[in-house]
Amino acid sequence: MAIAKRQFDAVVVGAGGSGLRAALHLAEANLKVAVLSKVFPTRSHTVAAQGGVAAALGNSEEDNWHWHMYDTVKGSDYLGDQDAIEFMCRKANEAVYELEHFGMPFDRTPDGKIYQRPFGGHMQDYGKKPVPRACAAADRTGHAMLHTLYQRNVRARTQFFVEWMALDLIRDQSGDVLGVVAMEMETGEVMIFQARATLLATGGAGRIFASSTNAFINTGDGLGMVARAGLPLQDMEFFQFHPTGVYGAGILITEGVRGEGGYLLNKNGERFMERYAPNAKDLASRDVVSRSMVTEIKEGRGVGKDADHVLLKLDHLGAEVINRRLPGIREISIKFANVDPIKEPIPVVPTAHYMMGGIPANYHGQVVALGGNGFVAVVRGLYAAGECACVSVHGANRLGCNSLLDLLVFGRAAAQQIIDDLKRDPYPKPLPAGAADRPLARLARLETQKDGESVAEVAAAMRRVMQAYCGVFRFGDLLKQGVAKIKEVAERSGHTMISDKSKVFNTARVEALELDNLIEVAMATMISAEARTESRGAHARDDYPNRDDENWLKHTLYFKNGYRLHYKPVTLRPLTVEPFQPKARVY
Amino acid sequence: MRFSIYRYNPETDTRPRMQDYDIALEPTDRMLLDALIRIKASDDTLSLRRSCREGVCGSDAMNINGKNGLACITKLVELKEPVVIRPLPGLPVIRDLIVDMSQFFKQYHSVKPYLINDDPPPDKERLQSPADREELNGLYECILCACCSTSCPSFWWNPDKFVGPAGLLQAYRFIADTRDQATSERLDDLEDPYRLFRCHSIMNCVDVCPKGLNPTRAIGKIKELMVKRMV
């Protein structure tokens, strides 16, 4: 079957924060760029980020990037790579100022500077007390940022392929990546996007869980493509549960609520975080707060008829602060929890939120894998940025507001690396024979499968398994069972049936293709979690409650083929400053 | 709960039809989108756009019992049965509830929806007083769902010439931004019998905006500025 082909200098897959930041830099460098997105760019999930973007601007209190770096290393439970963390924190101010220059409608301090609020784990003077570091546009920072970046791309005349879904990578014999195969959703047409550089910016995969703050589109497409192409996924056992998802609905309530002075209560009306984190209290990092909440619930101090959630109180902030700083939260609470937070607390529960793991990349955005000799080697032609990448700046637990920063810094860095690489390497390599065979076979299977389970059923089974066997607290025996169960679900996912066989905007087919990707992420997450016999950051094991630096201060690499696991050392050496040595983590 | 949903697949249908669904809801199904997802689980041929399911991405705008809105923040208990669901009016239908939004985005792009400031930026942020920043409230929050423009008769009649409420709201978002230097260029661009002046203040846009924004007021402000610069 002849497939249409188009050539570009670079293809960016995904048009959220990191994809758009990268696309802008590439377009302004006058490269021929194609940006592929399953949805119109401003519908990407960056739009739902609320609280802010971290940068030590010091606009209302003293701050500097060294403290930010320390907080990020500590927040990562020392699994973050300190070279990448230094890189990100040092670039933070520039990245945020640039965004302001692009037109981002940040809130302002009385003297006209960017408004900053405190956020979990962001502290002054190496952990002494909370510092306002989250640069905010009310509680709609992600929306403001995504729209600003899209607008800037409109100005730069970036070429978008909207509602195109990337299906698989093209790799040649030597392992170089030469582009992607993608499908236009409106027509069902499949096309090869040949490119000298392919940047994956496909975001998260929260939809592997039953209860998630993530959008329907967060299906780990880049991770699925990478896993099928024989490349590893890194640190997948570390999945962040955000402390405050709306009870029953899963919608995110920003940590900014606690940054503005809100706090959590158990059924006795006790501000229980004072017991778990005497210094930072409700602004301890997310893994700590989520575990504390689940512990309260497990010990019978939960709220409600099933005693299965806690309360987030903010009415004491007053209507003025809530309406000015947290208007979106008020809107969400009224719509999804039937409470007006000006008068009543919001029922909340920890909810799957962010994937710390992802496609292994260095801080230049280059995807890295194991070379023939077992050493880390760059995969030529392939780059990753944003939530789909594991650089790793977030290690075992991400600090709030560091993800929007990650998107900006590494979106731009990856684009710069692409610009440099393309200068050195100006000619496209020939495509291998059968470049589109894998995705065409996936499509052909869906076309011909006449009976079997529905995609919705199998996806629901996957989400149930992940939620029940791989949650906030993990147990050795449950993880073992979970591995068996998720393998069984993965097997089922190969035999799903869609009754819709049409070409035009066939969303049943899209959902089936997304399930292929979700399953890869779920498998990697469960298997990596089962293997890591320690507790670190978001990975908390009942049978191994302590961090074990002697055996586990290392990154997991998961390979789809044979479910193999490899490990690689954490980079403890920063670029210019002294390393932060692992020590006990207290908030 | 009973639903009557607009169906059209260009590959198999010569004309659109309404299809009835009667589905049992779970207590956790609170919003219209929850019900539509449940319907899709039983009939995967129903096509619709959806993503964030919390009213910020703007994907699932549709016509619900005659009024445009977002399925994900429309409460089921507030809907009269059978719930009649149609695609957004005034735009070409691609399939089922999915419309071709090209014309809508073309108009959005036509207002140069980006900050124009040719001064070299300072080392830090450009300063803006809280009061000046306040001017952007009610403007920047637009999610480009198209509920407003596709409820506007002027947009139905002249989608190629009238910018429409969403585009005009964004035009004013940049006019109102003290950091933007292109106000007069922006006003020149809109001073046209169609681009701006097809707005007849019917205010359907205000009535349907799921974010509670007021494009009519923004349009009024643009008109005011045009008058002001003439005198």
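Residues numbered from 1 in each chain as written. Chains lettered and ligands numbered in written order. Predicted model: local features only at pLDDT ≥ 70, side-chain atom pairs only at ≥ 80, totals over all residues. Heavy atoms only, no water.

### Re the overall build of chain A
What counts here: Strands are runs of DSSP state E lasting at least 2 residues, helices are runs of H or I lasting at least 4, and numbering of each runs from the N terminus. Type-normalised accessible area, obtained with a 1.4 Å probe on protein chains alone, sets the label of each residue: buried when under 20%, exposed when over 50%, and partly exposed for intermediate values. Any two residues whose heavy atoms approach within 4.5 Å are treated as being in contact. Only four residue types enter the tally: Lys and Arg on the positive side, Asp and Glu on the negative side; His and the chain ends are excluded. By convention, the point assigned to a charge is CZ for Arg, NZ for Lys, CD for Glu and CG for Asp.
Scanning chain A from N- to C-terminus turns up 16 helices and 22 strands. Within chain A, the proportion of its 587 residues that are buried is 69%. For chain A, the proportion of contacts with a sequence separation of at least 24, taken over those separated by at least 6, is 75%. Charge separation in chain A, taken as the distance between the mean sites of 70 positive and 68 negative side-chain charges, equals 2 Å.

### Quick word on the pairing of strand E1 (residues 2-7) of chain B
All names here are of chain B. Quick note on the threshold: Whether two strands pair comes down to DSSP finding at least two bridges between them.
Counting buried positions along E1 gives five out of six residues, so the element sits mostly inside the fold. With six bridges joining them, E1 and strand E2 (residues 17-22) adopt antiparallel strand pairing. Across the sheet, the residue bridging to Arg7 is Arg17, located in E2. Pairing of E1 with strand E5 (residues 83-86) involves three bridges; the strand directions are parallel.

### Comments concerning unusual backbone geometry
Residue Ser392 of chain A is bonded to the preceding Val391 of chain A through a cis peptide linkage, with omega at -5°. Residue Pro82 of chain B is reached from Glu81 of chain B by a cis peptide bond, and omega for that bond is -10°. Position of Pro82 of chain B relative to the elements: it lies in the loop between strand E4 (67-70) and E5. At Asn65 of chain B, a residue that is not glycine, the phi angle is positive and equals roughly 45°. In this structure, Asn65 of chain B sits in the loop between strand E3 (61-64) and E4.

### Quick word on the interface of chain A and chain B
Filter applied, for reference: Accessible area that two parts lose when put together, evaluated with a 1.4 Å probe and summed over both, is termed the buried area. Salt bridges are counted wherever a side-chain nitrogen of Lys or Arg sits within 4 Å of a carboxyl oxygen of Asp or Glu. Classes in brief: Ala, Val, Leu, Ile, Met, Phe, Trp, Tyr, Cys and Pro nonpolar; Asp, Glu, Lys and Arg charged; the others, Gly included, polar.
Taken together, the 69 residues of chain A in the interface contact 63 residues of chain B. When residues of chain A are sorted by the area they lose upon contact with chain B, Arg43, His101 and Phe216 of chain A head the list and together hold 15% of the total. Between the two partners, chain A and chain B, sit eight salt bridges. We note a salt bridge from Glu163 of chain A to Arg49 of chain B, for which the minimum N-O separation is 2.5 Å. Mapped onto the side of chain A that touches chain B, the elements with two or more residues apiece are helix H3 (82-101), helix H4 (141-155), helix H10 (327-337) and helix H15 (507-531) of chain A. Of all the elements, H4 of chain A adds the most residues to the side of chain A that touches chain B, at eight residues. Residue composition of the side of chain A that touches chain B, by class: 31 nonpolar, 20 polar and 18 charged.

### Quick word on the sheet that holds E3 of chain B
Consider a sheet: its strands pair through backbone hydrogen bonds, and that pairing is either parallel or antiparallel. Residue and element names in this part refer to chain B. Selection criterion: For every element, the axis is a line fit to its C-alpha atoms; helices are fit only across the contacting stretch, and the angle between N-to-C directions ranges from 0 to 180 degrees.
Sheet architecture is open: five strands sit in the order E2-E1-E5-E3-E4, paired in mixed fashion. Each edge of the open sheet carries a strand with a single partner, namely E2 and E4. Between one strand and the next, the sheet's axes are offset by a mean angle of 35°, whatever the strand orientation. Sheet topology note: the E3/E5 ladder contains two bridges and is antiparallel. Across the sheet, residue Asn63 finds its bridge partner in E5, namely Arg86.

### Regarding the environment of Glu186 of chain A
Its location among the elements puts Glu186 of chain A in the loop between strand E8 (177-184) and strand E9 (190-200). On the accessibility criterion, Glu186 of chain A (33% relative accessible area) is partly exposed. Separated by 320 residues in sequence, Glu186 of chain A and Asn506 of chain A place their C-alpha atoms 7.8 Å apart. Ignoring anything within four residues of it in the chain, the contact list for Glu186 of chain A reads Glu163, Lys503, Val504 and Phe505 of chain A together with Ile94 of chain B.

### Some thoughts on H4 of chain A
Residues and elements named next belong to chain A. Quick reminder of the rule: What a helix should span is 1.5 Å times the count of its residues minus one.
Taking 1.5 Å of rise per residue, 15 residues should cover 21 Å, and H4 covers 21 Å from first to last C-alpha, within 8% of that figure. Among the 15 residues of H4, 14 are classified as buried, and the element is accordingly described as predominantly covered. Once H4 ends, the next one or two residues include Arg157, with phi positive near 55°.

### A closer look at the nonpolar core
Under the convention used in this document: Residues belong to a common nonpolar core when they are buried Ala, Val, Leu, Ile, Met, Phe, Trp, Tyr or Cys residues joined through side-chain atoms within 4.5 Å.
Core analysis: the biggest nonpolar cluster contains 270 residues, and Leu36, Phe193, Leu200 and Met462 of chain A together with Phe3 and Leu32 of chain B have the highest contact counts within it. Among the elements that line this core, the one with the most residues is H15 of chain A, at 14 residues. Beyond its immediate stretch of four places on either side in the chain, Leu32 of chain B contacts Phe3, Met62, Ile64, Ala71, Thr74, Leu76, Leu79 and Ile85 of chain B.

### Looking at the pattern of salt bridges
Residue and element names in this part refer to chain A. Counted according to the given criterion, the structure contains 70 salt bridges over all chains. In this structure, the salt-bridge partner of Glu61 is Lys129, at a minimum N-O distance of 3.2 Å. One end of the pair, Glu61, is in the loop between strand E3 (53-54) and helix H2 (65-75); the other, Lys129, is in strand E5 (residues 129-135), with 68 residues separating them in the sequence. Under the relative-accessibility criterion, Glu61 is labelled partly exposed at 31%. Among the charged side chains, a salt-bridge network with shared partners connects Asp77, Glu237, Asp287, Arg291, Arg532, Glu534, Arg536, Arg547, Asp549 and Arg585.

### Quick notes on the packing of aromatic side chains
Residue and element names in this part refer to chain A. What counts here: Here the aromatic set is Phe, Tyr and Trp, taking the six-membered ring for Trp, and pairing holds for ring centres within 6.5 Å; pairs whose planes are under 30 degrees apart are stacked, those over 60 apart are edge-to-face, and all others are tilted.
In total, this model carries 18 aromatic pairs over all chains according to the counting rule given. Pairing Tyr150 with Phe160 gives two aromatic rings, centres 5.5 Å apart and planes at 50°, and the pair type is tilted. With Tyr150 in helix H4 and Phe160 in strand E6 (residues 160-162), this residue pair connects regions lying 10 residues apart in the sequence. Judged by relative accessible area, which is 3%, Tyr150 ranks as buried. Considering the side-chain rings of Phe161 and Phe193, the 5.0 Å spacing of their centres and the 90° angle between planes classify their relative orientation as edge-to-face. Of this pair, Phe161 sits in strand E6 while Phe193 is found in strand E9, placing the two residues 32 residues apart along the sequence. Residue classification places Phe161 among the buried positions, given a relative accessible area of 8%. A relative accessible area of 0% means that Phe193 is categorised as buried.

### Brief notes about the packing of H2 of chain A against H3 of chain A
All names here are of chain A. Inclusion rule: Roughly parallel means an angle under 35 degrees; roughly antiparallel means over 145; roughly perpendicular covers 65 to 115; every other angle is labelled oblique. Should the near helix be turned counterclockwise from the far one by less than a right angle, the crossing is left-handed, whereas a clockwise turn marks it as right-handed.
Close contact between H2 and H3 brings their axes to 9 Å; oriented N to C, the two are set at 140°. In terms of orientation, H2 and H3 fall into the oblique class. For H2 against H3, the interelement crossing comes out right-handed. Between H2 and H3, the contacting residues are Trp65, His68, Met69, Thr72 and Val73 on the first element and Gln82, Ile85, Glu86, Met88, Cys89 and Arg90 on the second. Classifying every residue of the contact of H2 with H3 by side-chain character gives six nonpolar, three polar and two charged.

### A closer look at the side chain of Arg21 of chain A
Our working rule: Two N or O atoms form a polar contact when they lie within 3.5 Å of each other; inside protein one atom must be a possible hydrogen donor and the other a possible acceptor, and for residues adjacent in sequence the pair counts only when both atoms belong to side chains.
Its place among the elements puts Arg21 of chain A in helix H1 (residues 17-28). For Arg21 of chain A, the side chain forms a polar contact with the side chain of Glu98 of chain A, separated by 2.8 Å.

### Observations concerning the domain arrangement of chain A
All names here are of chain A. Quick reminder of the rule: Annotation comment: domain bounds sourced from an automatic or database domain assignment.
By domain assignment, chain A separates into domain 1 (4-238 + 356-424), domain 2 (246-348) and domain 3 (437-557). Distance between the C-alpha centres of domain 1 and domain 3: 23 Å. In this assembly, 46 residues from domain 1 lie in contact with 41 residues from domain 3. For the domain 1 face of the interface with domain 3, the top three residues by lost area are Ile208, Arg228 and Glu237, together amounting to 20%. Inspection of the domain 1/domain 3 interface yields four salt bridges.

### Quick look at a nonpolar patch on the surface
Inclusion rule: Residues forming no salt bridge and having over 30% relative accessible area are the ones grouped into patches, like charges within 9 Å of each other and nonpolar side chains (Val, Leu, Ile, Met, Phe, Trp, Tyr) within 5 Å. In short, Shrake-Rupley with a 1.4 Å probe defines the accessible areas, and a residue's cover is counted only from the protein chains shown.
On the surface, Val227, Met230 and Val231 of chain B cluster together into a nonpolar patch covering about 370 Å² of accessible area. Relative to the helices and strands, Val231 of chain B is located in the segment after helix H8 (215-230).

### Considerations on the sheet that holds E5 of chain A
Residue and element names in this part refer to chain A. The three strands lie next to each other as E3-E5-E4, forming an open sheet whose pairing is antiparallel. The open sheet terminates on both sides in strands that have one partner only, identified here as E3 and strand E4 (116-124). The sheet contact formed by E3 and E5 spans two bridges and is antiparallel. Bridging from a neighbouring strand, Ala54 pairs with Ala134 of E5.

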